[in-house]
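Architecture and fold: a report
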Amino acid sequence: MSGLTWPLADGRPEPSTITPTLDRVNDTVARLRHFLDTYRPPTPCLVVDVDTVVDRYTRLASAFAGYRVQYAVKANPHPAVLRALTAAGAAFDVASPGEIDLCLAAGAAPTSLSYGNTIKKPTDIARAFAAGVREYTVDARSDLDNLARLAPGAEVSVRLLVEDGPDSVTPFGHKFGCCAEDAVRLLVLASERGLDPVGVSFHVGSQQLDPEAWDVAVAEAAKVFTATAERGVPLRRLNVGGGFGLPYTGAAPSTETYAEAVTAAVRAHFPTVPELVCEPGRAVVAEAGLIRSEVVVVSRKRPTDPHRWVFLDVGRYNGLAETENEAIAYRIEAVGDQSSEDGPVIIAGPTCDGDDVLYQRTPYRLPLSLRAGDVVDLLDAGAYTASYSSVAFNGIEPLRTYCISEGRLISAE
Ligand SMILES: *Cc1c(COP(=O)(O)O)cnc(C)c1O
């Protein structure tokens, strides 16, 4: 999206005339709304408070003390987010040459990048290796062969399939990873092929609300460490992935609870604690972002229906991909002077696609006074929103992102 600069409303004040009066980290939503009310950018848009991103990263890094923290870029690859995280000392989980370029442009060192995607073309590997990326994750023989050829001597982790244990809200299903026996085979083969087999990774599913979910996977990883050591290939690194959840409209464990559970699982299953890596995406950026959206139509299908349909200018294809199956239920608040009485609503997006209905089973209520032209805020929307937005489905442009720091606009790329 580089080269694009999003418009702001005419007559907005110059950035220098805005005095940030709000607390730097404790008033994220107030600061996001302060920006929106001052600059009045066209809707829909995502505003990300970069200070909150850094705050969440720092909290996570101190809860997971001793771990290398690799931010999963796909959650929000905005250049200002990546620059701030680079400055804060983060490492990065990247999934494509495009994400590598974004990280390098943000000032990240190639050695801070880990290529975690197991689905790579030979040209992706060649580009990553040429860019200086030295760590890769595999789960299949052909990918390992390509690595041996195109990334000689590179560090290789094998991703384990996580089949047992509790499902997360947005699970990866059976797409990634291989069974423990195949992991051992791949790691031994990596050693034979002149690669550096470093260890095992896994992901227990995104928005994983059960901290005990890591235990099963860590136990399985420990078995792989033992089996490869017996075959003369000692491993040294365990990547416990991301998946740490947020409350949204429900409840979620704290970062500290996740860290304690994961570390307890490692201590329980590993006689010697290996180098540890975690890979949060959502937990770093979600709470830093807010989507403001305009109500386009409010209607009832029949006069007697209890539900109103509320159509927003943001939907499944321009930022709210994670509403599929109503997996992520964002907090949605009407902005401004609304009557206190509310009623049940079905919430839908603006496109001519029947799937572009955000919530019809999850009970949402909005003020009875809500009218076309009013605006609503979707909170904790900094993760997996703008990065999932289509380019122009139905002629609707991608979700715009404005990044602020200390209450001021720092980037509208
Ligand atoms: C998406 C992803 C993550 C981040 O997951 P969250 O649930 O956002 O924390 C970490 N590692 C890998 C390999 C991923 O694909």
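Details of the structure are given in the entry above.
Residues numbered from 1 in each chain as written. Predicted model: local features only at pLDDT ≥ 70, side-chain atom pairs only at ≥ 80, totals over all residues. Heavy atoms only, no water.

Along the protein chain, the regular secondary structure elements total 10 helices and 17 strands. Taking 413 residues into account, the globule formula puts the C-alpha radius of gyration at 22 Å, and the protein chain, at 23 Å, falls close to it. Along the first, second and third principal axes, the C-alpha set of the protein chain runs to 70 × 50 × 40 Å. Long-range pairs, those at least 24 residues apart, make up 71% of the contacts in the protein chain with a sequence separation of at least 6. (Helix = DSSP H or I, 4+ residues; strand = E, 2+ residues; numbered from the N terminus. Rg over C-alpha atoms; globule rule 2.2 N^0.38 Å. Contact = heavy atoms within 4.5 Å.)

In terms of nonpolar packing, the biggest core is built from 106 residues, with Tyr 71, Phe 92 and Leu 238 touching the most fellow members. Taken together, domain 1 (4-47 + 286-412) and domain 2 (51-285) each give at least three residues to this core, which thus spans both. Filtering out sequence-adjacent residues up to four positions away, Leu 238 remains in contact with Val 200, Phe 202, Val 218, Ala 221, Phe 225, Val 266, Phe 270, Pro 274, Glu 275, Leu 276 and Val 277. Residues Phe 35, Leu 36, Val 47 and Leu 379 belong to the second largest nonpolar core, which totals 11 residues. (Core = buried A, V, L, I, M, F, W, Y, C linked by side-chain atoms within 4.5 Å. Buried < 20%, exposed > 50% of the residue type's maximum accessible area, 1.4 Å probe, protein only. Domains from an automatic or database assignment.)

Taken together, the four bridges between strand E10 (residues 289-299) and strand E15 (residues 375-378) define a ladder with antiparallel strand orientation. Bridge pairing in E15 places Glu 294 opposite Val 375. Two elements, strand E12 (residues 332-334) and E15, share three bridges in a ladder whose sense is antiparallel. Pairing of Ile 332 across the sheet is with Leu 378, part of E15. (Pairing = 2+ DSSP bridges.)

Neighbouring residues of the ligand: 13 residues in total, closest Lys 74, Ser 206, Glu 279, Arg 282 and Tyr 384. Between an oxygen atom of the ligand and a side-chain N or O atom of His 203, the distance comes to 2.9 Å. Ser 206 places a polar side-chain atom, nitrogen or oxygen, 2.4 Å from an oxygen atom of the ligand. Summarising the interface, the protein chains cover 93% of the accessible area of the ligand, which totals 390 Å² for the free molecule. Comparing atom positions with the cavity grids shows the ligand to sit within the largest pocket. Its residues assigned to classes, the shell around the ligand shows three nonpolar, five polar and five charged. (Near = heavy atom within 4 Å. Polar contact = N/O pair within 3.5 Å; in protein donor to acceptor, adjacent residues only side chain to side chain. Areas by Shrake-Rupley, 256 points an atom, 1.4 Å probe, with all protein chains shown as cover. 1 Å grid on protein atoms, 1.4 Å probe; cavity = no way out; pocket = protein on both sides within 12 Å on 5 of 7 lines; lining within 4 Å. Sits in = over half its atoms within 2 Å of the grid points. Nonpolar A, V, L, I, M, F, W, Y, C, P; charged D, E, K, R; others polar.)

Another aspect to go through is the environment of Gly 315. Locating Gly 315 in the fold gives a position in the loop between strand E11 (308-312) and E12. Relative accessible area serves as the criterion here: at 0%, Gly 315 is assigned to the buried category. C-alpha separation for the pair Gly 315 and Leu 370, spaced 55 residues apart in sequence, amounts to 18 Å. Excluding residues that lie within four positions of it along the chain, Gly 315 makes contacts with Leu 320, Gly 349, Pro 350, Asp 356 and Leu 358.

Moving on: the sheet that holds strand E8 (residues 237-239). One closed barrel holds the eight strands; their spatial order is E2-E3-E4-E5-E6-E7-E8-E9, and the pairing between them is parallel. Direction aside, neighbouring strands of the sheet carry axes that sit 30° apart on average. Pairing between strand E2 (residues 67-72) and strand E9 (residues 275-278): three bridges, direction parallel. Paired with Tyr 67 across the two strands is Leu 276, which belongs to E9. Taken strand by strand, helix H7 (residues 180-192) contacts strand E6 (155-159) and strand E7 (196-201), and its axis lies near 160° from that of E7. (Axes fitted to C-alpha atoms, helices over the stretch in contact; angles between N-to-C directions.)

Let us look at unusual backbone geometry. Across the junction of Thr 43 and Pro 44, the peptide omega takes the value -5°, indicating a cis bond. Assignment of secondary structure puts Pro 44 in the loop between helix H1 (28-39) and strand E1 (45-49). In this structure, Tyr 248 is a non-glycine residue whose phi angle is positive, near 45°. You can call Tyr 248 buried: its relative accessible area is 6%. Its identity is not glycine, yet Asn 394 carries a phi of approximately 60°, on the positive side. Position of Asn 394 relative to the elements: it lies in the loop between E15 and strand E16 (400-405).

Moving on, we come to the side chain of Ser 389. By the secondary structure assignment, Ser 389 is in the loop between E15 and E16. We classify Ser 389 as buried; its relative accessible area is 14%. Among the polar contacts made by the side chain of Ser 389, one reaches the main-chain amide nitrogen of Leu 399 at a distance of 3.0 Å. Non-local contacts of Ser 389, meaning those with residues more than four positions away in its chain, are made with Tyr 317, Asn 318, Gly 319, Pro 398 and Leu 399.

Helix length check: helix H8 (residues 213-230) (18 residues) gives 27 Å between terminal C-alpha atoms against 26 Å at 1.5 Å per residue, within 8%. Among all positions of H8, only Ala 213, Trp 214, Ala 217, Val 218, Ala 221, Ala 222, Val 224, Phe 225 and Thr 228 are buried. Within H8, the buried residues cover an arc of 160° as seen down the axis, which keeps them to one side. Those residues of H8 that are exposed and aimed more than 90 degrees away from the buried face are Lys 223 and Glu 230. Residues of H8 that are buried make contact with H7, E7, E8 and helix H9 (255-269). Positive phi appears at Gly 232, one or two residues downstream of H8, with a value of about 80°. (Expected span 1.5 Å × (residues − 1). Arc of directions from axis to C-beta.)

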